[in-house]
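# Commentary on secondary and tertiary structure
As a plain string of letters, each chain reads:
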Amino acid sequence: MENNIFAYDYEEVKELRSSVKGHRPIVVWLTGLSGSGKSTIAKALEIQLIKDGFHTSTLDGDNLRTGLNSGLGFSKEDREENLRRVAEVAKLMTDAGLIVIAAFVSPLKANRDLVKKTVGASRFIEVFIDTPLEICEERDVKGLYQLARKGKIKDFTGINAPYEKPESPDVHIETSIFTVEKSVAILSKEIRSKIK
Ligand SMILES: Nc1ncnc2c1ncn2[C@@H]1O[C@H](COP(=O)(O)OS(=O)(=O)O)[C@@H](OP(=O)(O)O)[C@H]1O
Ligand SMILES: Nc1ncnc2c1ncn2[C@@H]1O[C@H](COP(=O)(O)OP(=O)(O)O)[C@@H](O)[C@H]1O
């Protein structure tokens, strides 16, 4: 064993944790441009799931970057490390039996594939929050697009850093068509079908 580390077997306890929750754990991974609607939908979805009696938690890019991931920027390498850590946290949360909602730009296919591999394919729902760049820029919730256009932010996703659209997401949400309520209903149905 590498570094003389021997992982102790907690599989039986994980099953017990899950059984008292009354549902299986899963990671609902929301990817999309800044301003696409990830946080808005994540929060509304979690509120709905809690009201429906599920056990949940939400991981949100901006929030984790003020704590666990403070010090990481937006280079390709820093984003990779950011998402590697988030994947491990999401896995710990599924080990605790939770439905984990995660809202991260996660711009590259390789980033999202790493998360899927870490948490396990059967416990991963990839959700593409599909909002065209022009609409995200028009919303400009935090004023970041304006700064990026002026050249004041480097590596800004969609402007001067890449976003690779998911090719076959489990759920495709177009926010220019679906209301937040409709998106929550679609996701809630998908989650229910996977956690029985
Ligand atoms: N350069 C650059 N590119 C993209 N986003 C930026 C950047 N600088 C700051 N921000 C703010 O950081 C939020 C994205 O953080 P994430 O952890 O989700 O990004 S990533 O998954 O590691 O790519 C993102 O939050 P959301 O708008 O909620 O997506 C932005 O508010
Ligand atoms: N159908 C929709 N779904 C989600 N957000 C929407 C929708 N229509 C408008 N919005 C608005 O778009 C913005 C999205 O911001 P936010 O949720 O912070 O995005 P992100 O987390 O992807 O950066 C919010 O101001 C939200 O009210």
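Residues numbered from 1 in each chain as written. Chains lettered and ligands numbered in written order. Predicted model: local features only at pLDDT ≥ 70, side-chain atom pairs only at ≥ 80, totals over all residues. Heavy atoms only, no water.

As recorded in an unreviewed UniProt entry, the protein goes by Adenylyl-sulfate kinase and comes from Nonlabens dokdonensis. In UniProt, the protein has this text filed under Sequence similarities (unreviewed entry): "Belongs to the APS kinase family." In the Pathway (unreviewed entry) part of its UniProt record, the protein is described as follows: "Sulfur metabolism; hydrogen sulfide biosynthesis; sulfite from sulfate: step 2/3." (UniProt positions renumbered as here; feature names shortened; annotations may be inferred.)

As a further point, take the site of ligand 2. Taken together, 14 residues form the shell around ligand 2, and within it Gly 35, Lys 38, Ser 39, Thr 40 and Phe 178 come nearest. Within the backbone of Leu 33, an N or O atom sits 3.5 Å from an oxygen atom of ligand 2. Contact between ligand 2 and Thr 40: an oxygen atom at 2.4 Å from a side-chain N or O atom of the residue. Here the element with the most residues in the shell around ligand 2 is helix α2 (residues 38-51); it accounts for four residues. Looking at side-chain class alone, the shell around ligand 2 contains five nonpolar, seven polar and two charged residues. (Near = heavy atom within 4 Å. Polar contact = N/O pair within 3.5 Å; in protein donor to acceptor, adjacent residues only side chain to side chain. Helix = DSSP H or I, 4+ residues; strand = E, 2+ residues; numbered from the N terminus. Nonpolar A, V, L, I, M, F, W, Y, C, P; charged D, E, K, R; others polar.)

For the rest of this paragraph, the subject is the site of ligand 1. Around ligand 1 sit 21 residues, and of these Ser 34, Arg 65, Asn 82, Lys 142 and Asp 155 come closest. Within the side chain of Arg 65, one N or O atom sits 2.8 Å away from an oxygen atom of ligand 1. Asn 82 is positioned such that a nitrogen or oxygen atom in its side chain is 2.8 Å from an oxygen atom of ligand 1. When ligand 1 is considered free in solution it has 630 Å² of accessible area, and contact with the protein chains removes 93% of it. (Areas by Shrake-Rupley, 256 points an atom, 1.4 Å probe, with all protein chains shown as cover.)

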